[in-house]
Amino acid sequence: MNLFKNKSVKLLLQFLVLIIIVIGTSCNQSASDKSAVDPKIAKLKLPEGFHAEHLYSPKEHGQGSWVSMTFDNKGRIIASDQYGNLYRVTVPPVGYDTTKSGVKVEKLPIEIPGDTSKARVIAGFAHGLLYAFNSLYVMINDEGDADSITRSSGLYRLQDTNNDDVYDKLTLLKSLNGRGEHGPHSPVLSPDGKSIYIIAGNFTDLPKMDNYRLPDTWKNDNLFPLILDPNGFGNDRQPPGGWIAKTDSAGSYWDLISAGYRNPFDMAFNEDGELFTFDSDMEWDMGLPWYRPIRVCHVTSGSEYGYRENDGKWSPNYPDNLPAILNVGQGSPTNVMSGMNARFPEKYRRGLFTFDWSYGIIYHIDLQPEGSSYKGKAEEFISGTPLPLTDGAIGPDGAMYFLTGGRRIESDLYRVYYGDNSQKNEPLASNESASVVEARKIREQLEGFQGKPDATALNIAWPYLKSNDRFIRYAARIAVEHQPVTEWQEKALSEKDPITLTQAMIALARNGNKNLKDRIFKSLMSVNYAQLSDSQQLDLLRAFELTLSRMGKPASAQEGQLISFLETKYPASNNELNRMLCKILAFVGDPQEVSKTMALIEVAKDDTSYQKTATQSSDLILRNPQYGMDVANMLANKPPEQQIYLAIVLSEVKNGWTPEMREKYFKIFYTFLSKKGGNSYIGYINSARKMALANVPKDQFAHYDSISGSALLNERGNHLSDNTIRPKGPGRDWTVEEALPLVQNLSGRDFAQGEGMFKASLCSSCHNMRGEGGSIGPDLTQLGTRFSAKDILESIIEPSKVISDQYAATKFFLKDGSSAMGRLIKEDNDNYYISQNPFAPQTLREIPKKDVTSSKLSDVSIMLPGMINRLNPEELKDLMAYLMSGGDKNNKVFKAKSE
């Protein structure tokens, strides 16, 4: 999920959910005693020896919500409001007395006459800032013209031409057609200080480049049936998705470096000079087989990371894209930075820091060299709730500075330092083996052929098409693709080594003429499939898919040969191969496709190791009220992803069905609709269902429509039918003093309305009332006989005022740097057992005691404050009557109205 995307009404309602825990004060919090009086520091969990300072709150001063920052040549912070101005911030030294004013903030001029064609331009609204080349580079992100000020998304250069400390010249270096939260983002300086790298989200058109290190031959390249997002998100977008380019200081030459991302906001070079980014997921796809978690990617030159819109996302195992070095889980990636210039222990100076806005976590990513690339390992460095992290940087003083904010919410500037911040920054010595250095040298040599054609490229690159190093193998193919296809197509078609042949055919399918397809199929079918490993088989099948997708089906005689070659391999030994074989055989018309796939659906199981993540989804539930409940709901009702994938492939298959098969097939959709996923889950399932219904006889349509779940759906078919009574509002930020007088006389209230408010506020998810509801919180049936109206209102409005140990959450700090949180249900000599999911409280996570460094009861209630803030006074009265009556519709508080 990305940082700034709007949520549906359902998600906004879930923001008020009762079950969310605000993470309590860490037991190893090592900030100074000032944390005791500053809750913004007290909520932070820091590693041992680190200290935090809360420096400034821009929203308290009417300066908006800050989302980007950089340091200028005088050590001052330049920051930008997401929807407004630039600000220059002078901060006091580390360790200053935060009770005294020490931060100076000045608004920079926002209207700058200069060499642009616009009458008025705002130098702000920046999703990214960089000070370099004696200039401030501002990535203006057009958020709309509601304020009547003209601006255009793009990279701007601000200069102070007369050294009076005022920017007086603005130059538009590159206009970019992209706006909003998936528009253009951060500029970053290259390690040699000569270039600027630019990153943009998937709603930013790729402008014309002077060079394309990734050849501009991209397509969707997927035989899986195309289903547009049922909520309309990204349906008009085409490859290559989010992209990264570099330019010079004047923006005169543009070079595409990498593409195939969703919406990465930032990137950073590590101590080895290698580039990395932190890409977002599409959270609406959760529970669907094409969902991909947020991920850390090694941005090698010419790389493709396979993001496609709708259900067309590539598997990270496809050979024509590269895999993430780390899948993190769910979240909203924002900042990425290296710690090499920080005055931190060496462990934290190596690797990266990545920010997650949704769940309030700064991860330290340990980068472990592996061949010419890396594998990543995530450790929770700083966390807090709420902590909507937006941007950060290592300051000239070696401390870490970071911002929170975005979407006009509360915003803060923090500083984190180690010890007394006096640690010296000695140059980091190389810790790489000779084999790693050699592998990287080979990869970089191959990447050197990504410009104009080179007569030596083929001889150098060709042998590496069979390299065991995936990043080298990929770079070799891209080097080949940069050479004229006429110079290597015959070499490719006559290749005998099966691994080299596979990669060469992938290159030829992407670049060759369609009249070569019969020869390509013949070459691919010459490979001894059984002698290949699973990953090599997938590569070969991908070569078939690319050829079919780009060049079409073979002639009828060869089509039969192709089916004969592939159908004996189906079903295969793993889910990935079965997905690929299933869609290829469906496309070419294998007559056994339906019978084999239906048999496979009955026994298909999801692969729990596929795209394994650094964080467990259950650990995130209690960190954020808006997003955690979606995760909780999905985990409690997890969709069968492999079955869904196979069933969607069959939705376009018209032949080979028996009545018994159709009956089983359409009943499967009813099961799918009973599961929970992201916001687009139901709509995608229904779209596939309707595609399949289009292939049944008209006189049987009503039957199959009924057994497949049509009655479960709303009118649009993108969500389940929901008759829940919802608050009409307008609400308010209720206080006990305001609410108490309203509930002194509750006679004549509406029982149905009160019950509806109880459910709409999601109270029933945690609390039981007359035998119905959740069990994570106390039973409320006898509430009115034990507590006064004031007691009840205080518990709702100020839930942390009194917390029962019976219902408090416990946070466990683990040796690997992560943490887990939930209600401690039981323990034995070896393990703790905690409940984390309010929708599945019986599902317990087992935490080995040997992995725990410490634990602490949270001093913040598991009940979220503000539950009733959507209710108007009459709705509040009905809710309180329902609570006071213990859910008894015959109670006297309701009788007067019924009479």
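Everything here concerns the structure above.
Residues numbered from 1 in each chain as written. Predicted model: local features only at pLDDT ≥ 70, side-chain atom pairs only at ≥ 80, totals over all residues. Heavy atoms only, no water.

(A) Fine view of the overall build of the chain. Looking only at helices and strands, the chain has 25 helices and 33 strands in total. A globule of 899 residues ought to have a C-alpha radius of gyration of about 29 Å, and the chain, at 29 Å, matches this closely. For the chain, the C-alpha atoms occupy an extent of roughly 90 × 80 × 65 Å along the three principal directions. When the 899 residues of the chain are sorted by exposure, 62% land in the buried category. Between the centroid of the 101 positive side chains of the chain and the centroid of its 109 negative side chains there is a distance of 2 Å. (Helix = DSSP H or I, 4+ residues; strand = E, 2+ residues; numbered from the N terminus. Rg over C-alpha atoms; globule rule 2.2 N^0.38 Å. Buried < 20%, exposed > 50% of the residue type's maximum accessible area, 1.4 Å probe, protein only. Lys, Arg positive; Asp, Glu negative; His and termini not counted. Charge placed at Lys NZ, Arg CZ, Asp CG, Glu CD.)

(B) Spatial organisation of the pattern of salt bridges. Taken as a whole, this structure holds 43 salt bridges when the rule is applied. The partner of Glu-432 in a salt bridge is Arg-440, and the shortest N-O contact between them spans 2.5 Å. Its salt-bridge partner being Glu-602, residue Lys-664 comes within 3.2 Å of it at the nearest N-O pair. Residue Lys-664 is located in helix H17 (residues 659-673), and its partner Glu-602 is located in helix H13 (residues 593-603); the two are separated by 62 residues in the primary sequence. You can call Lys-664 partly exposed: its relative accessible area is 48%. Residues participating in the shared-partner salt-bridge network are Asp-72, Lys-74, Arg-76, Arg-88, Glu-106 and Asp-165. (Salt bridge = Lys/Arg side-chain N within 4 Å of Asp/Glu carboxyl O.)

(C) Geometry of the nonpolar core. Counting 92 residues, the largest nonpolar core has Met-505, Leu-541, Phe-544, Leu-566, Tyr-665 and Phe-666 as its most contacted members. Setting aside its immediate chain neighbours within four residues, Phe-666 contacts Arg-689, Ala-692, Leu-693, Val-696, Tyr-704, Ile-707 and Ser-708. Residues Ile-196, Ala-200, Met-267 and Ile-478 belong to the second largest nonpolar core, which totals 35 residues. (Core = buried A, V, L, I, M, F, W, Y, C linked by side-chain atoms within 4.5 Å. Contact = heavy atoms within 4.5 Å.)

(D) Molecular detail of helix H8 (residues 498-511). For H8, spanning 14 residues, the distance from its first C-alpha to its last is 20 Å, which sits close to the expected 20 Å at 1.5 Å a residue. Burial runs high along H8: 12 of the 14 residues are buried. Regarding H8, the residues found buried are Ile-499, Thr-500, Leu-501, Thr-502, Gln-503, Ala-504, Met-505, Ile-506, Ala-507, Leu-508, Ala-509 and Arg-510. Packing partners of the buried residues in H8 comprise helix H6 (470-481), helix H7 (489-493), helix H9 (517-525) and helix H10 (534-551). The N-cap of H8, judged by a side-chain oxygen 3.1 Å from the amide nitrogen of Ile-499 a few residues on, is Asp-497. (Expected span 1.5 Å × (residues − 1). Polar contact = N/O pair within 3.5 Å; in protein donor to acceptor, adjacent residues only side chain to side chain.)

(E) Representation of the packing of H6 against H8 in the model. For the pair H6 and H8, the least separation of the axes is 10 Å and the interaxial angle reads 40°. Relative to H8, the element H6 is oriented oblique. Judged by the twist between their axes, the crossing of H6 over H8 is right-handed. Touching Arg-473, Arg-477 and Glu-481 of H6 are Gln-503, Ile-506, Ala-507, Arg-510 and Asn-511, all from H8. (Axes fitted to C-alpha atoms, helices over the stretch in contact; angles between N-to-C directions. Parallel < 35°, antiparallel > 145°, perpendicular 65-115°, else oblique. Left-handed = near helix turned anticlockwise from the far one by under 90°.)

(F) Seen up close, the pairing of strand S14 (residues 254-261). The element S14 is largely enclosed, with a buried count of 8 among its 8 residues. Of the strand pairs in this sheet, strand S12 (residues 211-212) and S14 are connected by 2 bridges, and their pairing is parallel. When the sheet's bridge partners are listed, Tyr-212 is paired in S14 with Leu-256. In this structure, strand S13 (residues 242-247) lies alongside S14, joined through 6 bridges in antiparallel fashion. Within S14, the position partnered with Ile-244 by the bridge is Ser-258. Between S13 and S14, which pair antiparallel one after the other, the connecting turn spans 6 residues, and Gly-251 there sits at a positive phi close to 65°. (Pairing = 2+ DSSP bridges.)

(G) Structural context of the packing of aromatic side chains. Inspection of the entire model under this criterion finds 37 aromatic pairs. Ring centres of Phe-666 and Phe-669 lie 6.4 Å apart, and the angle between their planes is 35°; on these two criteria the pair is classed as tilted. With Phe-666 and Phe-669 both in helix H17, this residue pair falls 3 residues apart, about one helical turn. Exposure class is identical for Phe-666 and Phe-669. Each is buried. With a centroid separation of 5.6 Å and 50° between ring planes, the pair formed by Phe-751 and Tyr-882 is classed as tilted. (Phe/Tyr/Trp six-rings, centres within 6.5 Å; stacked < 30°, edge-to-face > 60°.)

(H) Representation of the sheet that holds strand S25 (residues 400-404) in the model. Read from one edge of the open sheet, 4 strands run S1-S26-S25-S24, paired in antiparallel fashion. Across the chains shown, the open sheet's two edge strands, defined by having one partner strand only, are strand S1 (50-56) and strand S24 (389-394). Taking each pair of neighbouring strands and ignoring which way they run, the sheet shows an average axis angle of 20°. Bridge analysis of S24 against S25 gives 5 bridges, and the strand direction is antiparallel. Residue pairing for S25: Ile-394 is matched across the bridge by Met-400.

(I) Main features of the packing of H13 against helix H16 (residues 641-650). Two numbers describe how H13 lies on H16: the axes approach to 10 Å, and their chain directions differ by 160°. Between H13 and H16, the crossing angle belongs to the class labelled roughly antiparallel. In terms of crossing hand, the pair formed by H13 and H16 is left-handed. When H13 is examined against H16, the residues Glu-593, Val-594, Thr-597, Met-598, Leu-600 and Ile-601 are found in contact with a partner set consisting of Gln-643, Leu-646, Ala-647, Val-649 and Leu-650. Classifying every residue of the contact of H13 with H16 gives 8 nonpolar, 2 polar and 1 charged. (Nonpolar A, V, L, I, M, F, W, Y, C, P; charged D, E, K, R; others polar.)

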